[in-house]
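Structural features, examined
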Amino acid sequence: MRTSLRVISIKAIFSKPSAVWYERDSFYMTDGKIKVLVVDDSKVARMLMAHVLGADPQIEVVGTLNDGQEALDFVQNQKPDVVVMDIHMPNLDGFEATRRIMETQPVPIIICTATANASEVVNSFRLMEAGAVACVEKPVSPGSPDFDKVVGNLLQTIKLMSEVKVVRRWPRARSAKLAGKESPEPEWKPAATGIHIVGIGASTGGPPVLQTILASLPKDFPAPVLIVQHIARGFLPGLLDWLRQTTGWQVHIAAHGIVPLPGHAYLAPDDYHMGVTASQRILLSREEPMANLRPAVAFLFRSLAGTYGSHAVGVLLTGMGRDGATELKLMRDAGAETIAQDRESSVVHGMPGEAIAAGGATYILPADKIADTLITLVRRPASIAGPPL
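Structural notes, computed from the coordinates. Fair warning: this is a prediction, and the values are worked out from it, not measured in the lab.

Turning to helix α9 (residues 325-333), its buried residues are Ala325, Glu327, Leu328, Met331 and Arg332. End-on view of α9: buried residues confined to an arc of 160°, all on one side of the axis. Contacts made by the buried residues of α9 are with α8 (297-307), β15 (312-316), β16 (337-341) and α10 (350-357). Looking at the residues trailing α9, positive phi occurs at Gly335, about 100°.

Taken as a whole and assessed by the stated rule, the structure comprises 14 salt bridges. Residue Lys138 is joined to Asp86 by a salt bridge in which the shortest nitrogen-to-oxygen separation is 3.5 Å. One end of the pair, Lys138, is in the loop between β7 (134-137) and α5 (147-161); the other, Asp86, is in the loop between β5 (82-85) and α3 (94-104), with 52 residues separating them in the sequence. Overall, the relative accessible area of 13% leaves Lys138 in the buried class. The buried category is assigned to Asp86, whose relative accessible area is 5%.

Turning to the side chain of Ser303, a few remarks are in order. Structurally, Ser303 is set in helix α8. Residue Ser303 is classed as buried on the basis of its relative accessible area, which comes to 13%.

Attention now goes to the sheet that holds strand β6 (residues 109-113). Taken in spatial order, the five strands make up an open sheet running β4-β3-β5-β6-β7, and their pairing is parallel. Since the sheet does not close on itself, it has two edges, and those belong to β4 (59-65) and β7, each with one partner. Ignoring strand direction, the axes of neighbouring strands in this sheet form an average angle of 25°. Sheet analysis places β6 next to β7, joined by four bridges and oriented parallel. Bridge assignment links Cys112 to a residue of β7, and that residue is Val136. Sheet contacts for helix α1 (residues 43-54): β3 (34-39), β4, β5 and β6; angle to β4, the most-contacted strand, approximately 170°. This element, helix α2 (residues 68-77), spans β3, β4 and β5 of the sheet and lies at about 155° to β3.

Conventions and cut-offs
- Residues numbered from 1 in each chain as written.
- Predicted model: local features only at pLDDT ≥ 70, side-chain atom pairs only at ≥ 80, totals over all residues.
- Heavy atoms only, no water.
- Buried < 20%, exposed > 50% of the residue type's maximum accessible area, 1.4 Å probe, protein only.
- Helix = DSSP H or I, 4+ residues; strand = E, 2+ residues; numbered from the N terminus.
- Arc of directions from axis to C-beta.
- Contact = heavy atoms within 4.5 Å.
- Salt bridge = Lys/Arg side-chain N within 4 Å of Asp/Glu carboxyl O.
- Pairing = 2+ DSSP bridges.
- Axes fitted to C-alpha atoms, helices over the stretch in contact; angles between N-to-C directions.

In structure tokens:
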């Protein structure tokens, strides 16, 4: 049980008829609540964050700080459950603060940034490289039309990330684990292949894994890669730019009716399902959300199973919920090769874990071994059968 500590200092900043706002510059902890540290160089942003987070009965704001060095010192002495971090700050910016925290006293770090500035969004993904576990939109003004939705997503993310016990990035040396068998060796020579397309689904914790996979694939990879990444509206262009900059791959936001090209990756656009047509062109659809998700991994995997069958590979990465789990099994039943990320390298093992439990994964792999397996699969001659089911 979390123990209560004495409040050293709480100073009221200002009050409104409907609310009182506080700046908390010292450690405070309440039994049973999620201890959240807010780090932002804007006093207004810190006050707003303290207000919206403190209004939730499950959350206690244990400190509000204005630079990364203060955050590093705070975490070393009084470990919070979650840190909500801005990017640009004096003394030590969010990137360096995140890197140092993750090297010395790992704690779940959520990047909270506005989406209006494209470079800001790209920087937020750089922080995920450094070890942050999620990136969410910052609540800006109670008068904005999406304010309640943005706050709700922030609260949900904090609660989910507070349960993440191991937040370090996956070790590069971890050996692959296969579902009851050894991982295929990637030394076969390029040949006529039976794999024509790769579909990837990801949610919470997905961007760094996507970056790892694409950066490890050759630029002449002989199949297109279609990606559904659950992400807040407005963050997709930043994800696109970051993946292009850090992987060297040709990454695009998918357009309806185009033919996907080998060696190119296509991200499902905001609020559109992505699939493929019978003529193997990209299909974008405004069909009803699937389990409240659009785009949905389920839509992509179901489409690949129906159009490509055994000529596809499905990959399900870290994420909460079960989107794509049943459909990965559908792909496997249609003869496709299927990969689920392992528990140890997943920030949240919900989606891949559900797929594994359903028998949908041919391979269970750590994040840093998925690219090697994809290379092996696409280079394998079509006449060579896959691993026994």
